[in-house]
Amino acid sequence: MSADRGNGGLILLEQYGERDLCQVTGLLNMMQFMRRASAHLQDVLADPLTFMYFDIENFKSFNQRYGFQQGNRLLRYVADLLRETFEGNLVARFNDDHFAVATQSENPGDCIQFIHERIRVYDLGLPMEVKAGIYHPPQGLTDVALIMDRAKIACNSIKNTYDLTWAEFDPAMEEEINFRSHIIRSFQEAMIEGYIEVYYQPEIRAMTREICGFEALARWRDPVHGMISPGVFVPVLEDAHLSPQLDLYIIEQVCQAIRRLRTEIPDWELLRVSVNLSRADFRLMDMVQAVEDVRLRYDVARQLLNIEVTESAQGEDEKFLQGEIARFRAAGYEVWMDDFGSGYSSLNNVKDYVFDVLKIDMNFLRSFETNPKSAIVIRSIVNMAKELGVHTLAEGVETQEQYEFLREIGCEKLQGYLFSPPMPLDKAIAYCHGETAQVKVEPFRLASYYTEIGAINVLSSEAIERRGSPEIGDALSLAILEEEGGEIRYLYQSRMFKMFLRSIELDEDSVHTPHYERRKRQNERMIARMMEEADRTGREVYTDFITRNSFNSVRLRLVTRDVDDTRAVFLMATVNISRFSPEAGSMQEALNQIVALYDRVDLFDLGSRKLIQLYRDVYEPNYTQEYGHFEEMVARYAEEKIIPAEQTLFKKFYSEKHLRAVLEDKAAREEVAVLFYKCLPDGGRMLRLHHLVPFRLGQRDYVISCVQAINENVISAVTAALAEDT
């Protein structure tokens, strides 16, 4: 040990062990600083000390831009500056970007200014600042924690003042310290007496507007100071290392409530509850085991508790925290990142940690109506999360416009005053249960079902595979449909899909237009057939149809079924792949009417000897390969779909020779309508009418083939009736 003693001074420079030092900077850690400073203050012969608290401004931004490794390098640079400037004095790193100094220097302000100037030029691309608070404790005051609190208060008083680098503690600031002390002193009593309550804020499923969970929030109703904001008491408890007690208290209250509801309300639909863990919790105890102990005490399933970790909880000991989050997830808990984008290293956290849900900080929505960039940022966050396989929840939803926007971009869950403020347990129960219920409750068993649906990225052009070149036709429009008991409902419609429905007069504004009900039934039959085929085969299916103004392709695939196998969800995309010219409007209208009647419509171009599929039912094969003569495609279709006994006649009916004969048949002697049996996948067969419609357009010769299913029972009944008449 080496010593510097003089004029009543005490030893301030010693040799320390590794456990006494910060592993990143080599400075004293907080506990050793406080121990040694306390020893000095208690020596009546020692010279007085000046205490300083340092805070590096923009450090979080620096970390976000350059990463934790470069952040640690900056911390070491600051540590070296402090060590050099206050050589022989007590210098420590408390946490994060906060440092402490106890010195006998008579001009601390000059020293702070020197450090400030050196830090400002560290990175010219990002303005770095240092703020410091100074406190000269009076003789007899030996409580180092109180002393550093006052230095910190002085520092915080100038955090938003850009022309000041340091400030000395003023006795007028004592009120805040007294309030902090009151919080710490009364904390245990507040838990015992129930002054700290759990408030519950609903989490709403955006697609259904049903409640799917609650977030548990701490509220302190103090008998002296009234309602204390969590933004005030939580940081104080964190600094005092009391946050684990608070968080475990809230978790225990939640588990008690879950057990009570299960007992007292037999028809209560279970709802997940999200509980918050502070950054300090992980440093102070084994939180995984602590949460498990509380859960087991009340026999609460892990699936009923979501663990929210605030974004600021990620810091220098990221490897350790990554391991703790992995332990929670391995045990069966969902782990959510809270307050994403609240000013810390957001992108690094998403990259380095594995979360189930990303909660978008409410600050993004506060400027939603006034700043167009907010919507762009939120959309980008949701898209990024979906691409990473992370689900999303937006906090702070207050308006219907915000709700519509978040639903449109595929944000899965919402929370905010538009739905409900945080409320005590009894009001939370009334909010979603009994005669006073304001919302429907999402069945607990459907959680995994909606999780699979929520994984769909509706912002991606690859949400469902596109056919053809992406530059052909309009942008992809998406819808998510749910089928239950034969009824179909839309869970989601993109803006482009709503425009598509408007274009084919099937939107809400078209209800009173002519033939709306007929169009609606045709569309529902088409969708029902596609759903049946997609569900049966497990493959994506598609069909084409014609409207007045465009030729459209519809694609559909099964997303998931619920655990009871009573409902299914399908993703549908529509693409306008029209190649018709405006002059062909009359032909499109004619084809539009034909499509409503027939299973298949093909155009035979006798000049090029090609076949063009104008429309096909979802059950009809799609031949997209290149064929030479259309008779090659006819032969393949006959082999695959026509019963063996009729294949030869079928190929003759669609031969070029017969089609030309039909086109030139002025005496109407050629066969233009013939019945053929189609082979069905189950081994059965279906009778269908094949009808030829010849026409010329300019110098071109065409024949349209229309295929229509025939009800054999109806034919038999008509034949029998005719026989009776004769």
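Refer to the structure presented above.
Since this is a predicted model, take the numbers as computed values, not measurements.

**Q** Help me out: how do you make sense of the environment of Glu712 in this one?
**A** Mapped onto the elements of the fold, Glu712 is located in helix H24 (residues 712-725). For Glu712 and Met686, which are 26 residues apart along the polypeptide, the C-alpha to C-alpha distance reads 8.6 Å. Setting aside chain neighbours within four positions, we find Glu712 in contact with Tyr677 and Leu687.

**Q** What exactly am I supposed to notice about the sheet that holds strand S2 (residues 90-95) here?
**A** Backbone hydrogen bonds hold the strands of a sheet together, and the pairing may be parallel or antiparallel. Ordered in space as S2-S3-S1-S4-S5, the five strands form an open sheet in which the pairing is mixed. Each edge of the sheet is formed by a strand with only one pairing partner; in this case those strands are S2 and strand S5 (166-168). Neighbour to neighbour, the strand axes of the sheet diverge by 20° on average, direction disregarded. Two elements, strand S1 (residues 50-57) and strand S4 (residues 129-135), share seven bridges in a ladder whose sense is antiparallel. Looking across to S4, one finds that Glu57 is bridged to Glu129. Sitting on the sheet, helix H5 (residues 144-156) touches S1, S2, strand S3 (98-103), S4 and S5, and the angle it makes with S1 is about 45°.

**Q** Which parts of the structure should I look at to understand the nonpolar core?
**A** What tends to happen in soluble globular proteins is that the nonpolar side chains get buried as a cluster. One finds Ile196, Tyr200, Val254, Phe328 and Leu406 to be the most contacted residues of the largest nonpolar core, which totals 84 residues. Take this core: its biggest share by element is 10 residues, from helix H8 (residues 243-264). Ranked by size, the runner-up nonpolar core spans 27 residues in total, among them Phe59, Leu74, Phe86 and Val91.

**Q** I'm lost on the environment of Leu606 in this one. Help?
**A** The residue Leu606 is located in the loop between strand S20 (600-605) and strand S21 (610-616) in this model. Put simply, Leu606 and Glu656 are 50 residues apart on the chain and 7.4 Å apart in space, counted from C-alpha to C-alpha. Each residue touching Leu606, except ones within four places of it in the same chain, is listed here: Phe630, Glu656, Leu659, Arg660, Leu663, Asp701 and Val703.

**Q** What is the right way to look at helix H4 (residues 108-120) in this model?
**A** For the α-helix, the turn length of 3.6 residues means that residues three or four positions removed from each other point alike. Here H4 contains 13 residues, and its C-alpha end-to-end distance of 18 Å stays within 8% of the 18 Å for a straight helix at 1.5 Å per residue. Among the residues making up H4, those that are buried are Pro108, Gly109, Cys111, Ile112, Ile115, His116 and Ile119. Along H4, the residues classed as buried sweep out an arc of 160° about the axis, all on the same side. Elements in contact with the buried residues of H4: S1, helix H3 (68-85), S4 and S5.

**Q** So what exactly am I meant to see when it comes to the sheet that holds S21 here?
**A** The five strands are arranged S21-S20-S24-S23-S22 in an open sheet whose pairing can be described as antiparallel. Of all the strands in the sheet, the pair left with one neighbour each is S21 and strand S22 (673-679). Between one strand axis and the next, the sheet turns through 25° on average, direction left out of account. Bridge count between S20 and S21: six bridges; the pairing is antiparallel. Across the sheet, residue Arg600 finds its bridge partner in S21, namely Arg616. Running at roughly 150° to S20, helix H21 (residues 630-641) makes contact with S20, S21, S22 and strand S23 (685-697) of the sheet. The strands that helix H23 (residues 656-664) touches are S20, S23 and strand S24 (700-709); relative to S23, the one it contacts most, it runs at about 55°.

**Q** Help me understand the pairing of strand S9 (residues 272-277), please; the structure alone is not making it clear to me.
**A** For a regular strand, side chains alternate in direction, first toward one face of the sheet and then toward the other. With five of six residues buried, S9 lies mostly within the body of the structure. Where strand S7 (residues 211-222) and S9 come together, three bridges link them in parallel fashion. Counterpart to Gly213 in the pairing with S9 is Arg272. The pairing of S9 with strand S10 (residues 305-310) spans five bridges and is classified as parallel. Bridge pairing in S10 links Val275 to Ile307.

**Q** Which parts of the structure should I look at to understand the packing of H5 against helix H6 (residues 174-193)?
**A** Packed helix pairs are characterised by how far apart their axes lie and by the angle those axes make with each other. Their axes nearest at 10 Å, the elements H5 and H6 cross at an angle of 130°. As far as their axial angle goes, H6 and H5 are oblique. The interaxial crossing formed by H5 with H6 has right-handed handedness. Along its contact with H5, which presents Leu146, Asp149, Arg150 and Ile153, the element H6 presents Glu174, Glu176, Ile177 and Arg180. Broken down by class, the residue content of the contact of H5 with H6 amounts to three nonpolar, no polar and five charged.

**Q** Mind showing me how you'd approach unusual backbone geometry here?
**A** The phi angle of most residues is negative, glycine excepted, and most peptide bonds adopt the trans form. Within the chain, Asp299 stands out as a residue other than glycine whose phi angle is a positive 55°. Tracing the sequence through the fold places Asp299 in the loop between helix H10 (287-297) and S10.

Here is what the cut-offs are and how they apply
Residues numbered from 1 in each chain as written. Predicted model: local features only at pLDDT ≥ 70, side-chain atom pairs only at ≥ 80, totals over all residues. Heavy atoms only, no water. Helix = DSSP H or I, 4+ residues; strand = E, 2+ residues; numbered from the N terminus. Contact = heavy atoms within 4.5 Å. Pairing = 2+ DSSP bridges. Axes fitted to C-alpha atoms, helices over the stretch in contact; angles between N-to-C directions. Core = buried A, V, L, I, M, F, W, Y, C linked by side-chain atoms within 4.5 Å. Buried < 20%, exposed > 50% of the residue type's maximum accessible area, 1.4 Å probe, protein only. Expected span 1.5 Å × (residues − 1). Arc of directions from axis to C-beta. Parallel < 35°, antiparallel > 145°, perpendicular 65-115°, else oblique. Left-handed = near helix turned anticlockwise from the far one by under 90°. Nonpolar A, V, L, I, M, F, W, Y, C, P; charged D, E, K, R; others polar.

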